[in-house]
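Letter by letter, the chains look like this.
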Amino acid sequence: MKKFLILILSAFLTIFVCACDDEQSYILFNKRPITPDTIVSETNINVFAPGERIYYLVTLPKPVEKKSLLIQVVKVGGDKDERLGYDLVWGKRVKLRDENVHYYTDYLVFNQAGAYIMKVYSRDYPTEILTTGNFYVRN
């Protein structure tokens with residue numbers, strides 16, 4: 001009886017856990033420009049030097065209807081402890097082209113050391129965050 005109960009429970013969990021096929025948006029950071037060769041390389045890190053170009057790739061599994069994104073970078077306050085609040089340091093509205101409705105790529109340069117959070121919003125639902133990514137600028 002105990003084996004039968006375990007079999008039923010495992011079948012039940014398998015059905016409800018493995019049926020998820022929800023793709024999510026991601027942000028990939030790199031030290032070199034994003035190309036098919038550099039997407040899977042050792043330069044995909046999130047720690048950069050001040051003044052260094054921070055290349056990023058935002059993936060979109062489902063195309064957004066208005067073909068427009070809002071990208072914001074927020075600096076986590078405090079230079080040493082990184083816990084004293086948030087400051088909006090950069091923002092950009094981008095229009096997606098017809099040939100790249102599933103991704104957007106560009107680069108940033110920050111000279112001030114600290115911890116940063118990149119947030120991406122869709123103009124379709126401007127109150128919901130599509131994806132976030134953390135990166136650090138350190139000496």
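Rules used in this analysis
Residues numbered from 1 in each chain as written. Predicted model: local features only at pLDDT ≥ 70, side-chain atom pairs only at ≥ 80, totals over all residues. Heavy atoms only, no water. Helix = DSSP H or I, 4+ residues; strand = E, 2+ residues; numbered from the N terminus. Buried < 20%, exposed > 50% of the residue type's maximum accessible area, 1.4 Å probe, protein only. Contact = heavy atoms within 4.5 Å. 1 Å grid on protein atoms, 1.4 Å probe; cavity = no way out; pocket = protein on both sides within 12 Å on 5 of 7 lines; lining within 4 Å. Points joined across faces, edges and corners; volume = space filled by probe spheres on them. Nonpolar A, V, L, I, M, F, W, Y, C, P; charged D, E, K, R; others polar. Core = buried A, V, L, I, M, F, W, Y, C linked by side-chain atoms within 4.5 Å. Pairing = 2+ DSSP bridges. Phe/Tyr/Trp six-rings, centres within 6.5 Å; stacked < 30°, edge-to-face > 60°.

K.L.:
Let's hear about the overall build of the chain: which residues, and what values?
P.N.:
Helix and strand content of the chain: one helix and eight strands. Written out in order from the N terminus, the α and β elements of the chain read α-β-β-β-β-β-β-β-β. Out of the 139 residues belonging to the chain, those deemed buried represent 32%. Looking at the chain alone, contacts between residues at least 24 apart form 61% of all its contacts between residues at least 6 apart.

K.L.:
Before we move on, can you summarise the layout of surface pockets with the specific residues and values?
P.N.:
Within this model, the largest pocket holds a volume of roughly 350 Å³. Residue lining of the largest pocket: 15 residues in total, with S25, K62, V64, Y125 and L130 positioned closest to the centre. Grouping the amino acids of the lining of the largest pocket by side-chain chemistry returns six nonpolar, three polar and six charged.

K.L.:
How would you explain unusual backbone geometry if you had to name every residue and give the values?
P.N.:
Here the phi dihedral of K67 falls at roughly 55°; this positive angle occurs in a residue that is not glycine. As for its placement among the helices and strands, K67 is situated in the loop between β3 (53-59) and β4 (68-76).

K.L.:
Account for the nonpolar core, naming residues and giving values.
P.N.:
Core analysis: the biggest nonpolar cluster contains 21 residues, and F29, Y56, L69, F110, M118 and F135 have the highest contact counts within it. If you list the elements that add at least two residues to this core, you get β1 (27-30), β3, β4, β6 (103-109), β7 (114-122) and β8 (129-137). When sequence neighbours within four positions are dropped, the list of residues in contact with F135 reads F29, N46, F48, I54, V73, L108, F110, G114, A115, Y116 and M118.

K.L.:
Report on the sheet that holds β8, specifying residues and quantitative values.
P.N.:
Backbone-to-backbone hydrogen bonds join strands into a sheet, with any given pair of strands oriented parallel or antiparallel. Read across the open sheet, the five strands follow the order β2-β8-β7-β4-β5; overall the sheet is mixed. On the outer flanks of this sheet lie β2 (47-48) and β5 (86-95), each paired with one strand and no other. Pairing of β4 with β5, which is carried by nine bridges, proceeds in the antiparallel orientation. By the bridge assignment for β5, V74 is matched with L88.

K.L.:
Go over the packing of aromatic side chains with me, naming the residues and quoting the values.
P.N.:
Summed over the entire model, instances satisfying the criterion amount to seven aromatic pairs. Relative to Y104, the ring of Y56 lies with its centre 6.4 Å away and its plane at 50°, an arrangement referred to as tilted. Of this pair, Y56 sits in strand β3 while Y104 sits in strand β6; the two residues are 48 residues apart in sequence, bridging distant segments of the chain. For Y56, a relative accessible area of 0% translates into the label buried.

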